[in-house]
Amino acid sequence: MAGTGTSGYSGDGGPATSAQLYGASGVALDGHGNLFIADLFNYRIRKVSADGIITTVAGGGTSTTGDGAPATSAELFKPQGAAVDAQGNIFIVEEEASRIRKVSPSGIISTVGGNGRAGYSGDSGPATSAQIFEPWAVAVDGQGNIFVADAGNRRVREISTDGNINTVAGGGSINIRDGSPATSAPIGVPTAVAIDPQGNFFISDQTYNRVWKVSPAGSIATAAGSGTAGYSGDGGPATSAQIWGPTGVAVDSQGNLFISDSGNDRIRKVSPGGIITTVAGNGGVGYSGDGGPATSAQLWAPEGLATDGQNNLFIADTANSRIRKVSPGGIITTVAGAGGFGNSGDGGPAISAQLDFPSAVAVDQQGNIFIADLNNDRIRKVSPTGTITTVAGNGQFGYSGDGGPATAAQLFSPQGIAVDALGNLYIADTTNLRIRKVSPGGIITTIGGGGGQQGYSGDGGPATNAQLASPYSLSVDGQGNLFISDDLGYAVRRLQPTSQSVLLTAVVDAASEKAGPISPGKIVVLYGAGLGPAFLAQNQPENGVYTSQLAGTSVYLNGTAAPILYTSAAQAAAIVPYGVTGTAAQVTVSYQGETSPPITVALAAAAPSLFTLNQTGAGQAAAINAIDGSINTAVNPVKIGGYISLFATGEGQTTPAGIDGKIASGPILPQPSLQVSATVGGLPAVVQYAGAAPSEVAGLMQINLQLPSGIQPGGYVPVILQVGNASTVPGAVWIAVAGN
């Protein structure tokens, strides 16, 4: 109904199927057949009218509040979901801003829930004064009551028609017995992790208002917080004290634990003896106090913390867009940020530069301060002499740049950073759901996160094949273990160094990007780490044949070298050799003399898959209309009775016999040895030709079909290809068909 399958922002005013979306996370329908889409990473709400035209109805502006103005002039922060009531009001969940917004039928936006500060408060009072935490969904009943999935608080809240808020579900207490296994503990949202010299690591749990301590043996205990949000307990046991929404933790060389008590706008310290005190912040929201005692200063929603070798404490004073420093003597100063929100100052004094919601801070052994400049999608560095520069991110949100200079790469809302003893910088590239690494030489790579797909998987395997839910904070120990607070995964993950230099993690179909049986001649994509050079290398045929070695990379199936189309550190493409037989294939990749452990993949006589425009094997087919050579789309449909060319791989053995890597040429082209048939709209189509695509590599099959009479025209007419007894997935691929 909407989207091309390629991430981006385009298409307003045209067909929704030709528009680009980026992370559509929620939809809603009104009574007139209009579809509303929460276009998450475009920070917009899009509307698809009943006749299929897409427009933006909210977001895309620059006003951080926008209330009382046109919704398209407002800036939205990660709109996760939407709902529509009977009067046509649109309700929007702003996850990152912890608010619920309303767009009236006339297009004016207002806030109906949340004060913009993450937390849990306000029940029985005005919803606009209440705190909610990372809401994920919203619904409206027939009476106009609004129900909010307050995910971060693990509650459902109701905003009644009189504007008051109450909790209607969730909110039970948690009881973790000290000494129980950490892997079985039901922790809430882990927002930060820190490691002490003894190997204990500490987790700030924003949901349950605690800081947990996990021993090297894996047992968990409370380090701070009674579990009740508030501010109390200074001078007494930390486990009896109240803290509120802790977002950051750090440990100094003396074993003191520092906690960013964000809801209280304070920094708390827990001594090695377990006594808690306040070391920064007077509890008032604002910016003041430089040059004086840190306990008299004002902070505003502090998040990330770090300490250096001299036991200075660094604070990401997030809402003030500054980095503050507290000396061992308790005096506070500003070391970066001039206040306000912006991006400026590189090459000059850090205290004159602008930051935009800095969320984390780290310090290396040379005294360089690294800053996660969240909304600028950059990592900044402050030298010991006070000069600020950018060390990662080009300021454009997105995901790109692996293998090249980190300053040319794209990041997307980087929340956390850490630096190891070797000078490697680690980045929690939060919205990209990946962990990035910047070498001392400034080259960026991805070391964790499986393809940018949100989830929780991959334990025990390569980190680049794992799924993360929301990597938020990082910490690295002396052995190079990287700890990740995966806040929406409600877990802390550990990324361990490996001595294996070449890792193969997946072999997938090139057309569908899905794992499954392969067949002789099938084009496949291989994923892993260390598979090839940092930069993409593309093969070129030599004397009409693609070689089986490229830039030091070789791919083997049952010991037979495969033709390679391209290779890089994390991804390569090859073609299954025609000489591979049996029911399974052992796949390995070699790079510069190192060979990966094998992966076993099922082998079939045929495993057909159709190429699609979105490169997923599902959706609009990559097809050519024979009449004029145009690409088949809803704008350029093929007529009933007309001819169309489809492209596929996985046809199996051919006649004449296929030659590995050979470009198809000459009067006689190889054709599948097995019978080929196809249906369009459920009716058999005439297969005019099925065989090697002219001038393309062996393994790419072209199928020329004549559309049967009797099919129903439309933009989503399904196509199924069958080779022998194997067929493509029914309903997965379609073409656009027009009537005569």
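Model, not experiment: these values are computed from the prediction. (Residues numbered from 1 in each chain as written. Predicted model: local features only at pLDDT ≥ 70, side-chain atom pairs only at ≥ 80, totals over all residues. Heavy atoms only, no water.)

Below, the discussion takes up the overall build of the protein chain. Looking only at helices and strands, the protein chain features 0 helices and 60 strands. Relative to the globule expectation of 27 Å for 740 residues, the C-alpha radius of gyration of the protein chain, 28 Å, shows essentially globular dimensions. With respect to the three principal axes, the spread of C-alpha positions in the protein chain is 90 × 65 × 50 Å. Residue burial in the protein chain is summarised as follows: out of 740 residues, 54% are buried. Carbon together with sulfur atoms contributes 52% to the accessible area of the protein chain, which is approximately 28600 Å² in total. Considering the protein chain, the positive charge centre built from 32 side chains and the negative charge centre built from 47 side chains are found 3 Å apart. (Helix = DSSP H or I, 4+ residues; strand = E, 2+ residues; numbered from the N terminus. Rg over C-alpha atoms; globule rule 2.2 N^0.38 Å. Buried < 20%, exposed > 50% of the residue type's maximum accessible area, 1.4 Å probe, protein only. Areas by Shrake-Rupley, 256 points an atom, 1.4 Å probe, with all protein chains shown as cover. Lys, Arg positive; Asp, Glu negative; His and termini not counted. Charge placed at Lys NZ, Arg CZ, Asp CG, Glu CD.)

Omega for the peptide link from Thr655 to Pro656 comes to -10°, which places this bond in the cis form. Mapping Pro656 onto the fold places it in the loop between β52 (654–655) and β53 (671–672). Phi is positive for Ala551, close to 50°, though the residue is something other than glycine. You can see Ala551 is positioned in the loop between β39 (537–538) and β40 (553–557). Residue classification places Ala551 among the partly exposed positions, given a relative accessible area of 38%.

Here 4 strands make up an open sheet; going across it, the order is β22-β23-β24-β25 and the pairing antiparallel. A single partner strand is all that each edge strand has here, and the edge strands are β22 (305–307) and β25 (332–336). Shown here is a sheet whose adjacent strand axes are inclined to one another by a mean of 30°, direction ignored. (Pairing = 2+ DSSP bridges. Axes fitted to C-alpha atoms, helices over the stretch in contact; angles between N-to-C directions.)

A separate point is the pairing of strand β31 (residues 425–429). For β31, a buried count of 5 out of 5 residues is recorded, marking the element as mostly surrounded by other parts of the structure. The two faces of β31 match: Leu425, Ile427 and Asp429 on one face and Tyr426 and Ala428 on the other face are all buried. In this sheet, β31 lies alongside strand β30 (residues 414–419) in antiparallel orientation, the contact comprising 5 bridges. Paired with Val419 across the bridge in β31 is Leu425. Here β30 folds back onto β31, and the loop between the two strands holds 5 residues, one of which, Gly423, carries a positive phi near 90°.

To continue, consider the sheet that holds strand β27 (residues 369–373). Within the open sheet, the 4 strands sit side by side as β26-β27-β28-β29. Their pairing is antiparallel. Only two strands of the sheet have a single neighbouring strand rather than two, namely β26 (358–363) and β29 (388–392). If you compare each strand with its neighbour and ignore which way they point, the axes differ by 30° on average. With 5 bridges connecting them, β26 and β27 associate as antiparallel partners. Bridge assignment links Val363 to a residue of β27, and that residue is Ile369.

Ranked by size, the top nonpolar core spans 28 residues in total, and within it Leu646, Val680 and Ile735 carry the most contacts. Among the elements of the structure, β51 (643–649), β54 (676–680), β57 (701–706), β58 (714–723) and β60 (733–738) are those that each provide at least two residues to this core. If one sorts the elements of this core by residue count, β58 sits on top with 4 residues. The contact partners of Leu646, leaving out residues within four places of it in the chain, are Leu610, Ala621, Ala622, Ala623, Met701, Gln702, Ile703, Leu705, Val719 and Ile735. With 24 residues, the next largest nonpolar core counts Val502, Leu504, Leu557 and Leu603 among its residues. (Core = buried A, V, L, I, M, F, W, Y, C linked by side-chain atoms within 4.5 Å. Contact = heavy atoms within 4.5 Å.)

Our focus in this paragraph is the side chain of Asp317. Note on placement: Asp317 falls in strand β23 (residues 313–317). Note on Asp317: relative accessible area 0%, which makes it buried. A polar contact of 2.9 Å, which involves the side chain of Asp317, links it to the backbone nitrogen of Trp300. Engagement of the side chain of Asp317 in a polar contact is seen with the side chain of Arg324, the distance being 2.8 Å. With sequence-adjacent residues up to four places away left out, Asp317 is seen in contact with Tyr287, Gln298, Leu299, Trp300, Pro302, Arg322 and Arg324. (Polar contact = N/O pair within 3.5 Å; in protein donor to acceptor, adjacent residues only side chain to side chain.)

A few words on the pairing of strand β5 (residues 79–84). β5 sits mainly inside the fold: 6 of its 6 residues count as buried. Pairing of β5 with strand β6 (residues 90–94), which is carried by 5 bridges, proceeds in the antiparallel orientation. Residue pairing for β6: Val84 is matched across the bridge by Ile90.

What follows deals with the pattern of salt bridges. One pass over the full model with this rule turns up 18 salt bridges. Put simply, Arg157 and Asp123 hold a salt bridge, and the shortest N to O gap is 3.0 Å. With Arg157 in strand β11 (residues 155–159) and Asp123 in the loop between β8 (109–113) and β9 (137–140), this pair connects stretches of sequence that are 34 residues apart. Judged by its relative accessible area of 0%, Arg157 falls in the buried class. Asp123 gets classed as partly exposed once you look at its relative accessible area, which sits at 28%. In this structure, Arg436 and Asp402 form a salt bridge, with 3.0 Å as the shortest nitrogen-oxygen distance. Of this pair, Arg436 sits in strand β32 (residues 434–438) while Asp402 sits in the loop between β29 and β30, and the two are 34 residues apart along the sequence. (Salt bridge = Lys/Arg side-chain N within 4 Å of Asp/Glu carboxyl O.)

Our next topic: the environment of Gly188. Structurally, the position occupied by Gly188 is in the loop between β13 (180–181) and β14 (190–195). Classification of Gly188 as buried rests on a relative accessible area of 0%. In this structure, the C-alpha to C-alpha distance between Gly188 and Tyr490, residues 302 residues apart in sequence, is 5.6 Å.

Glancing now at the packing of aromatic side chains. What describes a pair of aromatic rings is the distance from one ring centre to the other and the angle between the planes of the rings. In total, this model carries 6 aromatic pairs according to the counting rule given. With a centroid separation of 6.2 Å and an interplanar angle of 65°, the aromatic rings of Tyr43 and Phe412 are classed as edge-to-face. Here Tyr43 is found in the loop between β2 (35–39) and β3 (44–48), whereas its partner Phe412 is found in the loop between β29 and β30, with 369 residues between them in sequence. Look at Tyr43 and you get buried, because its relative accessible area is 16%. Note on Phe412: relative accessible area 1%, which makes it buried. Taking the ring centre of Tyr399 as reference, the NZ or CZ of Arg434 above it sits at 3.6 Å. (Phe/Tyr/Trp six-rings, centres within 6.5 Å; stacked < 30°, edge-to-face > 60°. Lys NZ or Arg CZ within 6 Å of the ring centre and 35° of its normal.)

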